[in-house]
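Spelled out, the chains give:
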Amino acid sequence: MSAFCKHCQLNTKTLLGFLLPVFFFSMVWPVNAANLFNEQISVIVIDPGHGGNDTGVKGTDNSREKNITLAMAHLLKDRLSGNFKTILTRKDDYALDIYDRAAVANTNKASIFISLHVGGSFQHKNSGISIYYFQNPSSDEISLDHKRSGLLLEDRTVRAWKSVQLSHIIESKKLAQTIYTSLSEQQHLGVKKSQDVNLSVLAGADMPAVIIEIGYLTNPSDESKLNDFSILKDLSHKLSIGIEKYLTKN
Ligand SMILES: [Zn+2]
């Protein structure tokens, strides 16, 4: 006699048919659940401009652009890390190729790419924050003090395959405008309306991307403010608000 009645035998088969997949998925599900969760978190790649021997703009009081951008990037990362996965293209003072920066964002499937710089100009009166998004390379109108630092696209061959950013220009403009609004709420530095410029660091980014120049190091007043930790902290706070607003609306 079977230990199980007819219904039990039938039910045992049904039960096994049910339990085996459940056992299998219970082994796999925690991993899948974690992956699913991770996929829902937006990834933000923050790029502190320059580094190592590439010091960037030198201030009138000897400040270096590479140090200001790194400090700002860490502050911004601290602000955003609670709600987003944030990645820095460089965490310390070392050089990084200009095209490798957007590659970090592409490899990590970032939702947005934020490149931080500080302006520099022969005209010391130039000051304030500028926000740039990518310009279609067919346009010849280029106006930026960053011409000196190799950030502009120079070679047409490079343009042809490095301009994946072209398909994100509308969103990049929206991101730039949202950041403009949030940064305009601080009183330390003036903020210029966002502009489109033909910048190589943005060209290879396959997601909405902007460059933010946090003031001018060649302007003594801006330089002094950018060396004030509490001001940098406030600027990073306002910048993070703009980024969060953009990401939560999209
Ligand atoms: Zn720069």
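Residues numbered from 1 in each chain as written. Predicted model: local features only at pLDDT ≥ 70, side-chain atom pairs only at ≥ 80, totals over all residues.

**Brief notes about the overall build of the protein**
Where we set the bar: What counts as a helix is a DSSP run of H or I of at least four residues, what counts as a strand is a run of E of at least two, and both are numbered from the N terminus. Residues with at least 20 other C-beta atoms within 10 Å of their own are called buried, those with 12 or fewer are called exposed, and the rest are partly exposed. The C-beta atoms themselves are positioned from the backbone. For the purpose of contact definition, each residue receives a C-beta atom placed from its backbone, and two residues are in contact when these atoms lie within 7 Å.
Looking only at helices and strands, one finds eight helices and six strands in the protein. If you list the helices and strands of the protein from N to C, you get α-β-α-β-α-β-β-α-α-β-α-β-α-α. Buried residues in the protein amount to 39% of all 250 residues. Counting contacts in the protein only where the partners sit at least 6 residues apart, residues at least 24 apart contribute 81% of the total.

**Observations concerning the environment of leucine 247**
For leucine 247, the position within the fold is in helix 8 (residues 229-249). Residues leucine 247 and serine 111, spaced 136 residues apart in sequence, show a C-alpha to C-alpha distance of 8.1 Å. Not counting residues up to four positions away in its chain, the partners in contact with leucine 247 are Ser42, Ser111 and Ile112.

**Topic: the nonpolar core**
For clarity, the threshold we go by: Any set of buried Ala, Val, Leu, Ile, Met, Phe, Trp, Tyr and Cys residues joined through C-beta atoms within 7 Å is what this text calls a nonpolar core.
In terms of nonpolar packing, the biggest core is built from 50 residues, with Phe113 and Val210 touching the most fellow members. Of the residues forming this core, the biggest block, seven residues, is contributed by helix 2 (residues 65-80). Residues contacting phenylalanine 113, with those up to four places away along its chain left out, are Val45, Asp47, Ala102, Ala105, Ala205, Met207 and Ala209.

**Some remarks on the sheet that holds strand 3 (residues 112-119)**
Applicable threshold: A pair of strands is considered paired only if DSSP assigns at least 2 bridges between the two. For helices, the fitted line uses only the C-alpha atoms of the stretch in contact; every axis is such a line through C-alpha atoms, and the angle between N-to-C directions lies from 0 to 180 degrees.
Strand order in the open sheet formed by six strands is 2-1-3-6-4-5, with mixed pairing between adjacent strands. Here the strands that pair on one side only, and so sit at the sheet edges, are strand 2 (85-88) and strand 5 (195-197). If you compare each strand with its neighbour and ignore which way they point, the axes differ by 30 degrees on average. Of the strand pairs in this sheet, strand 4 (residues 130-134) and strand 5 are connected by three bridges, and their pairing is parallel. Its bridge partner being in strand 5, tyrosine 132 is matched across the sheet by glutamine 195. Strand contacts of helix 5 (residues 169-183): strand 3, strand 4 and strand 6 (209-216), with the helix running at about 170 degrees to strand 4, the strand carrying the most contacts.

**A short note on the pairing of strand 2**
Let me state the cut-off plainly: When the strands point away from the viewer, a crossover counts as right-handed if the path from the first strand over the helix to the second runs clockwise.
The pairing of strand 1 (residues 43-48) with strand 2 spans four bridges and is parallel. Paired with isoleucine 44 across the strands is threonine 86, a residue of strand 2. Between the parallel elements strand 1 and strand 2, the chain passes through helix 2 in a crossover that is right-handed.

**Things to note about unusual backbone geometry**
Non-glycine residue asparagine 62 carries a positive phi angle of around 75 degrees. Among the structural elements, asparagine 62 can be located in the loop between strand 1 and helix 2. One non-glycine residue, lysine 109, adopts positive backbone phi at about 50 degrees. Considering the arrangement of structural elements, one finds lysine 109 in the loop between helix 3 (98-107) and strand 3.

**Here's the deal with the pairing of strand 6**
The element strand 6 is largely enclosed, with a buried count of eight among its eight residues. With six bridges connecting them, strand 3 and strand 6 associate as parallel partners. Counted as the bridge partner of histidine 117 is glutamate 213 from strand 6. Here three bridges tie strand 4 to strand 6, and the two strands are oriented antiparallel to one another. By the bridge assignment, tyrosine 132 is partnered in strand 6 with isoleucine 211.

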